[in-house]
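This is what each chain is made of:
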Protein chains: 2
Amino acid sequence: MSRPRIVEVRERVLKQNDLVARELRERFQRAGVRVISIVSSPGAGKTTLLESTLTILGRDRRVAALVGDLATENDAMRLKRSGVPVKQITTGTVCHLDASMVATALTDWNLETLDLLFIENVGNLVCPSSYDLGEDLRVVLLSATEGEDKPLKYPTIFNTADIAVITKIDLAAAAEFDRDAAHCNIQAVRPGMRVIEVSSKTQEGMNRWIASLGVLCVR
Amino acid sequence: MSRPRIVEVRERVLKQNDLVARELRERFQRAGVRVISIVSSPGAGKTTLLESTLTILGRDRRVAALVGDLATENDAMRLKRSGVPVKQITTGTVCHLDASMVATALTDWNLETLDLLFIENVGNLVCPSSYDLGEDLRVVLLSATEGEDKPLKYPTIFNTADIAVITKIDLAAAAEFDRDAAHCNIQAVRPGMRVIEVSSKTQEGMNRWIASLGVLCVR
């Protein structure tokens, strides 16, 4: 009975989100800031990868980050160690960021002073896929400890992302992670998708990851 | 503008779910079947733990499982190796199971022939928390490779669960997982919560896990 009503309301919410996301995207383009969002399941290593990334890019780029979580300011505190501006978005019980949350978080930031803005979404492989945040690039993380079948089970998030990053690759052997199967599964749901293997612990793959962000000449 | 409407519709959906869940719970009690649901983020090890559990319990109990995923029948195929009846619920784009999906999946099963029914939810630490499935016991899994801060960041799911299981404990050292901090964080969000550490790989902790299900005298 209530299913058609839900679908209708959901469509309206998504349409509203798309309008806000479009405004955001235009704002980002006018300001000349490149925006990269990161999605993954909880604990796949978004914050750790982002901390390394902000530290490396912060040396000669004007970088900032927004970070979403249901609760705690932990991630913002961790990311602030990189020395770049960071703001936490606390969503309460909402399982994803939406464009209006991003717009609100940016109200007192001057985007003209930034080259790059990272947006770390709430840890969730389902809900964030439907919400455009006005980003230029969406990155989906899959950790070696999660198992190689995740692209097949969460195809939508892989389909809406531009780059897949396999994190915690240093744990691949201990976790008996089948790298070939993981790559094969990613290509099965999103043929031609760029895949990068990284370890934030050993820094393996970090240069390739940074290069893939379209930021050239980073030391 | 649309926020109050969404809240209202969401409340109606949850109320509707609670009604179906109550009917399910009464049905389970009449049939004398104990129902245990399992929630976690993607790749935390729900299916692997469940496969071991079904194999052990299936020796002298009448056990079955329902398993939820957005896509694929992979988990049902894996779980069927345990030799017990298993049915896959494929949710499409829905980020959680609800009571009516469970009711529909059970239509052609005779619950009187079962002692235990396991329900593996979609991999998600947010959305499943709001949906009662009529279960007797809700178990939340946290893998050692996800990090010890997850209870603080996803407090609702820990608050609505009865038991926390820390999985992949064999990887704790490799992942530099701080066990004390994890236990401390769980108790911070849910004082007195029962916590069990297991490894489906080495079978460490498996007896304690089985015992915690309230099923005595299992070989």
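Here's what I pulled together on the structure shown here. (Residues numbered from 1 in each chain as written. Chains lettered and ligands numbered in written order. Predicted model: local features only at pLDDT ≥ 70, side-chain atom pairs only at ≥ 80, totals over all residues. Heavy atoms only, no water.)

Re the relation of the copies chain A and chain B
In screw terms, the move from chain A to chain B is a rotation of 180° and a rise of 0.0 Å along the axis, fitting with an RMSD of 0.0 Å. Put plainly, the chains are arranged around a two-fold axis. (Least-squares fit on C-alpha atoms with pLDDT ≥ 70 in both.)

Here we look at the sheet that holds strand E3 (residues 86–90) of chain A
Strand pairing in a sheet relies on backbone hydrogen bonds. The paired strands run either parallel or antiparallel. All names here are of chain A. Spatial strand order, E3-E2-E4-E1-E5-E6-E7: 7 strands in an open sheet with parallel pairing. Pairing within the sheet leaves two strands with one partner each, and these edge strands are E3 and strand E7 (194–197). Strand-to-strand twist in this sheet, taken as the mean axis angle between neighbours without regard to direction, amounts to 20°. As paired elements, strand E1 (residues 34–39) and strand E4 (residues 116–120) share 5 bridges and run parallel to each other. Bridge pairing in E4 places serine 37 opposite isoleucine 119. Where helix H7 (residues 179–189) meets the sheet, it contacts strand E5 (137–143), strand E6 (163–167) and E7, and its direction lies at approximately 155° from that of E7. (Pairing = 2+ DSSP bridges. Helix = DSSP H or I, 4+ residues; strand = E, 2+ residues; numbered from the N terminus. Axes fitted to C-alpha atoms, helices over the stretch in contact; angles between N-to-C directions. Contact = heavy atoms within 4.5 Å.)

As for the pairing of E4 of chain A
Residues and elements named next belong to chain A. With 5 of 5 residues buried, E4 is to be regarded as a mostly interior element. Pairing between strand E2 (residues 63–69) and E4: 5 bridges, direction parallel. Bridge pairing in E4 places alanine 64 opposite leucine 117. (Buried < 20%, exposed > 50% of the residue type's maximum accessible area, 1.4 Å probe, protein only.)

As for empty space enclosed by the protein
Per the counting criterion, the structure on display carries 1 cavity of 30 Å³ or more. Reported here for the largest cavity is a volume of approximately 40 Å³. Lining the largest cavity are 14 residues, with Ser143 and Glu146 of chain A together with Ser143, Thr145 and Glu146 of chain B sitting closest to its centre. Residues belonging to the lining of the largest cavity are distributed by class as follows: 4 nonpolar, 6 polar and 4 charged. (1 Å grid on protein atoms, 1.4 Å probe; cavity = no way out; pocket = protein on both sides within 12 Å on 5 of 7 lines; lining within 4 Å. Points joined across faces, edges and corners; volume = space filled by probe spheres on them. Nonpolar A, V, L, I, M, F, W, Y, C, P; charged D, E, K, R; others polar.)

Side note on the interface of chain A and chain B
How big an interface is tends to be reported as the loss of accessible area on association of its parts. On the chain B side, the residues contacting the 42 residues of chain A number 42 residues. Here glutamate 176 of chain B ties to lysine 201 of chain A by a salt bridge, and the two come within 3.3 Å at their closest N and O atoms. Counting the contacts that link chain A with chain B gives 11 residue pairs in polar contact (both at pLDDT 80 or more). For the side of chain A that touches chain B, the secondary structure elements donating two or more residues are helix H1 (3–31), helix H3 (74–80) and helix H5 (150–153) of chain A. (Salt bridge = Lys/Arg side-chain N within 4 Å of Asp/Glu carboxyl O. Polar contact = N/O pair within 3.5 Å; in protein donor to acceptor, adjacent residues only side chain to side chain.)

A look at helix H7 (residues 179–189) of chain B
Residue and element names in this part refer to chain B. Here H7 has its buried residues at Ala182, Asn185, Ile186 and Val189. Buried residues along H7 cover an arc of 100° about the axis, so they all sit on one side. Exposed residues pointing more than 90 degrees away from the buried face of H7 are listed as Asp180, Cys184 and Ala188. Between the side-chain oxygen at the start of H7 and the backbone nitrogen of aspartate 180 there is a gap of 3.3 Å, and the oxygen is on aspartate 178. (Arc of directions from axis to C-beta.)

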